[in-house]
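What the coordinates show
Below are the chains, spelled out letter by letter.
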There are 2 protein chains.
Amino acid sequence: MTPRRDTLPGRTTLPVIGQPPAERADAARNRRAVLAAARTIMVNDGVDALCMDRVATEAGVGVGTVYRRFGDRAGLAYALLDDDEQRFQAAFLFGPPPLGPGASPVVRIRAFLHAYVDRLDTHARLLALAEAQSPTARYGNGAYRTYRTHLIALLTLADAKADATYLADALLAVLGGGLFLHQRQDLQFSTDRIKIGLDQLLTGLAPTPALLPSSVG
Amino acid sequence: MTPRRDTLPGRTTLPVIGQPPAERADAARNRRAVLAAARTIMVNDGVDALCMDRVATEAGVGVGTVYRRFGDRAGLAYALLDDDEQRFQAAFLFGPPPLGPGASPVVRIRAFLHAYVDRLDTHARLLALAEAQSPTARYGNGAYRTYRTHLIALLTLADAKADATYLADALLAVLGGGLFLHQRQDLQFSTDRIKIGLDQLLTGLAPTPALLPSSVG
DNA sequence: ACGATAACCGGAGTACTCTCCATATACAAC
DNA sequence: GTTGTATATGGAGAGTACTCCGGTTATCGT
């Protein structure tokens, strides 16, 4: 048992409960170096070349440091997407309609699904990597839980009788990285076809005249 | 270049084109030994204990033999499910309604989804293992392709205007092993709740008065 | 400046999947 | 039986994810 920092005698500032101490300067430097190395590898040799040993070597740190910072391979993948993630979440939580508040729930769900497809088109390989970490890895991820909460709220508003909790996960399952790769690469689907397919699912769940397909944008 | 067996001089029986030669006796014996060892490990120590080295050792063969027979870990998992798989496919292809021919397309789809959930309840861990092999591993599997073809046919009959090819994969995505484990373990869903959720998806896709929820069985 | 201490570091070590290929074996033809 | 050949075998080895822990360093209060 070591004494806790915020019970040390002589402390002059109030302890902040629940907030971990700020990241140390060397740790921050290493974190940036690892992310930079990972991005370089990805650009040069593709997502599949992202292996932890190599990232560590090219970042000039030990492999233990990579794991300390990012937990595991999936954690590194999500960290690489963090900028996009922040922007995406801001857009559907606080941005302008139809994605953000202001539009009707069904319109917002549809906008969310379409925006997610566009995101997948850029990042599917990295997301698929992260999802493959373990069978249930995807569901524990913070970003996933945010999507889920968002969809549950909108689905509940759209149809109080539906099992929104179930349907949120169901919609997100159809947006899995592995399935998307299959659709785009093996089946040669366009992203528009995928969006139209999602519209069909959504129309069934929460029919709205205004939603019936005219254009996909 | 070695001469092909069926062009050897002096051959007295007609060559059978496209049919690989029968499995050699030693190979068959080893295949059975590997499957038996895998089942024993699974029963004693759980699905997670299924590692190729251990299976090989307990079957009394080299690890190379396991890979020759089953390709990879996912292949071994699917082989362990083969008996159930045969029965399930026979049921929805040739069995009695509502699963087999005779019932309306929508009723058959619903019966398929419910039967699949029951199957997941027994085998989700093993299926999740196989699906985690690679992001797109699931879609190349023969069983998956059979389900897919079956659902495409039924969905097309149910609604000629829908994109049955898209929707078949979408429904199967909602039946993924990883998602099922998440629903059952983390969210504590009952199988009935999952079936009702699937009904909601399906009702939206192909409304049928007779399908509206009375009981789940 | 300077300890005390908590946080961090690196890389050897473990465990696992999958490949390769020199050797061994089963089977068919005679 | 003998022989020829396709097929099977097994285990060493490569590649990779992840853990562990003795040693190091940044940071804070004095």
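If you're wondering where the values come from, they're calculated on a predicted model, not measured in any experiment.

Thresholds, definitions, all that
- Residues numbered from 1 in each chain as written.
- Chains lettered and ligands numbered in written order.
- Predicted model: local features only at pLDDT ≥ 70, side-chain atom pairs only at ≥ 80, totals over all residues.
- Heavy atoms only, no water.
- Helix = DSSP H or I, 4+ residues; strand = E, 2+ residues; numbered from the N terminus.
- Buried < 20%, exposed > 50% of the residue type's maximum accessible area, 1.4 Å probe, protein only.
- Contact = heavy atoms within 4.5 Å.
- Areas by Shrake-Rupley, 256 points an atom, 1.4 Å probe, with all protein chains shown as cover.
- Near = heavy atom within 4 Å.
- Polar contact = N/O pair within 3.5 Å; in protein donor to acceptor, adjacent residues only side chain to side chain.
- Nonpolar A, V, L, I, M, F, W, Y, C, P; charged D, E, K, R; others polar.
- Salt bridge = Lys/Arg side-chain N within 4 Å of Asp/Glu carboxyl O.
- Axes fitted to C-alpha atoms, helices over the stretch in contact; angles between N-to-C directions.
- Parallel < 35°, antiparallel > 145°, perpendicular 65-115°, else oblique.
- Left-handed = near helix turned anticlockwise from the far one by under 90°.
- Buried area = accessible area lost by both parts, 1.4 Å probe.
- Least-squares fit on C-alpha atoms with pLDDT ≥ 70 in both.
- Core = buried A, V, L, I, M, F, W, Y, C linked by side-chain atoms within 4.5 Å.
- Phe/Tyr/Trp six-rings, centres within 6.5 Å; stacked < 30°, edge-to-face > 60°.
- Lys NZ or Arg CZ within 6 Å of the ring centre and 35° of its normal.

A few points about the overall build of chain A
From N to C terminus, chain A includes 11 helices and 0 strands. The order of α-helices and β-strands along chain A, N terminus first, is α-α-α-α-α-α-α-α-α-α-α. Buried positions account for 45% of the 217 residues belonging to chain A. When contacts within chain A are restricted to residue pairs at least 6 apart in sequence, long-range pairs at least 24 apart make up 61% of them. Of the roughly 11200 Å² of accessible surface on chain A, a fraction of 55% belongs to carbon and sulfur atoms.

Remarks on the protein's contact with DNA strand C
Around DNA strand C there are 29 residues in total, and A:N30, A:G64, A:T65, B:Y67 and B:Q133 lie nearest to it. When the atoms of DNA strand C within 4 Å of the protein are grouped by moiety, sugar and phosphate amount to 74% of the total. Within the contact set of DNA strand C, a phosphate oxygen lies 2.8 Å away from a backbone nitrogen or oxygen of A:G62. Those elements that place two or more of their residues in the surface near DNA strand C are α1 (25-45) and α3 (63-70) of chain A together with α1 (25-45), α2 (52-59) and α3 (63-70) of chain B. Ranked by residues supplied to the surface near DNA strand C, first place goes to α3(A) with 5 residues. Partitioned by chemical class, the residues of the surface near DNA strand C number 12 nonpolar, 8 polar and 9 charged.

Quick notes on the pattern of salt bridges
For the structure on display, the rule yields 28 salt bridges over all chains. For A:K161, the salt bridge identified is with A:D159, shortest N-O distance 3.9 Å. On the basis of relative accessibility, which here comes to 77%, the residue A:K161 falls in the exposed class. Accessibility expressed as a relative area gives 22% for A:D159, which makes it partly exposed. Here B:R31 makes a salt bridge to B:E23, at a shortest N to O gap of 2.4 Å. According to the relative accessible area criterion, B:E23 is partly exposed, its value standing at 36%. Each of A:E23, A:R31 and A:R69 takes part in one network of salt bridges that share partners.

Here's the deal with the side chain of A:N141
Residue and element names in this part refer to chain A. You can see N141 is positioned in the loop between α7 (137-140) and α8 (142-158). Assessed through its relative accessible area of 15%, N141 is described here as buried. Of note is the side chain of N141, whose polar atom sits 3.2 Å from the backbone nitrogen of Y144.

With respect to the packing of α8(A) against helix α9 (residues 164-173) of chain A
Helix-helix packing is characterised by the crossing angle of the two axes and by the distance between the axes. Residue and element names in this part refer to chain A. Here α8 crosses α9 at 125°, and the two axes come no closer than 8 Å. Compared by their axis directions, α8 and α9 come out oblique. Note that α8 runs across α9; the crossing there is right-handed. Of the residues in α9, those touching α8 at Y144, Y147, R148, L151, I152, L155 and T156 are A164, T165, L167, A168, D169, L171 and L172. In terms of residue class, the contact of α8 with α9 is built from 10 nonpolar, 2 polar and 2 charged.

Points about α9(A)
Taken across its 10 residues, α9(A) has 9 buried, putting it largely inside the fold. Listed in full, the buried residues belonging to α9(A) are A:A164, A:Y166, A:L167, A:A168, A:D169, A:A170, A:L171, A:L172 and A:A173.

With respect to the interface of chain A and chain B
The extent of an interface is frequently quoted as the accessible surface area lost upon association of the parts. Chain A puts 31 residues into the contact, and the matching count from chain B is 31 residues. Overall, the association of chain A and chain B removes approximately 2800 Å² of surface from exposure, summing both partners, and the carbon and sulfur fraction of that is 67%. Between chain A and chain B we count 2 salt bridges in total. Residues B:R193 and A:D163 are paired through a salt bridge, measuring 2.7 Å at the closest nitrogen-oxygen approach. For the pair chain A and chain B, the number of links is 6 residue pairs in polar contact (both at pLDDT 80 or more). Mapped onto the side of chain A that touches chain B, the elements with two or more residues apiece are α9, α10 (177-186) and α11 (191-205) of chain A. A total of 8 residues in the side of chain A that touches chain B trace back to one element, the largest contributor, which is α11(A). Split by residue class, the side of chain A that touches chain B holds 18 nonpolar, 8 polar and 5 charged.

With respect to the relation of the copies chain A and chain B
The transform that puts chain A on chain B rotates by 180° and translates by 0.0 Å along the axis, for an RMSD of 0.0 Å. Considering both components of the superposition, the chain copies are consistent with a two-fold axis. The rotation axis passes nearest to the C-alpha of A:G204 in chain A, at a distance of 1.6 Å.

Some words on the nonpolar core
Ranked by internal contacts, the top residues of the largest apolar core, which has 131 residues, are A:F112, A:L198, B:F112 and B:L198. At 15 residues, helix α6 (residues 105-131) of chain A tops the list of elements feeding residues into this core. Sequence-distant contacts of A:L198, defined by excluding residues within four places in its chain, comprise A:L113, A:V117, A:V174, A:L175 and B:Y166.

Brief notes about the packing of helix α2 (residues 52-59) of chain A against α3(A)
Residue and element names in this part refer to chain A. Interhelical geometry of α2 versus α3 gives an angle of 105° and a closest axis separation of 8 Å. On the basis of the axis angle, α2 is roughly perpendicular to α3. Of the residues in α3, those touching α2 at M52, D53 and A56 are V63, V66 and Y67. Looking at the contact of α2 with α3 residue by residue, the classes come out as 5 nonpolar, no polar and 1 charged.

Examining the packing of aromatic side chains
Applying the stated criterion across every chain yields a total of 20 aromatic pairs over all chains. Each ring, one from B:F88 and one from B:Y116, has its centre 6.2 Å from the other, and the planes form 75°; the classification is edge-to-face. With B:F88 in helix α5 (residues 82-94) and B:Y116 in helix α6 (residues 105-131), this pair connects stretches of sequence that are 28 residues apart. With centroids separated by 6.0 Å and ring planes inclined at 50°, the aromatic side chains of B:F112 and B:Y116 adopt a geometry described as tilted. Here B:Y116 and B:F112 lie together in helix α6, a separation of 4 residues that amounts to about one turn. Each of the two residues, B:F112 as well as B:Y116, counts as buried. Three or more aromatic residues joined by ring pairs make a cluster, and in this case those are A:F88, A:F92, A:F112, A:Y116 and A:Y147. Taking NZ or CZ as reference, A:R193 lies 4.0 Å from the ring centre of A:F189, over its face.

None of this, on its own, says anything about what the molecule does.
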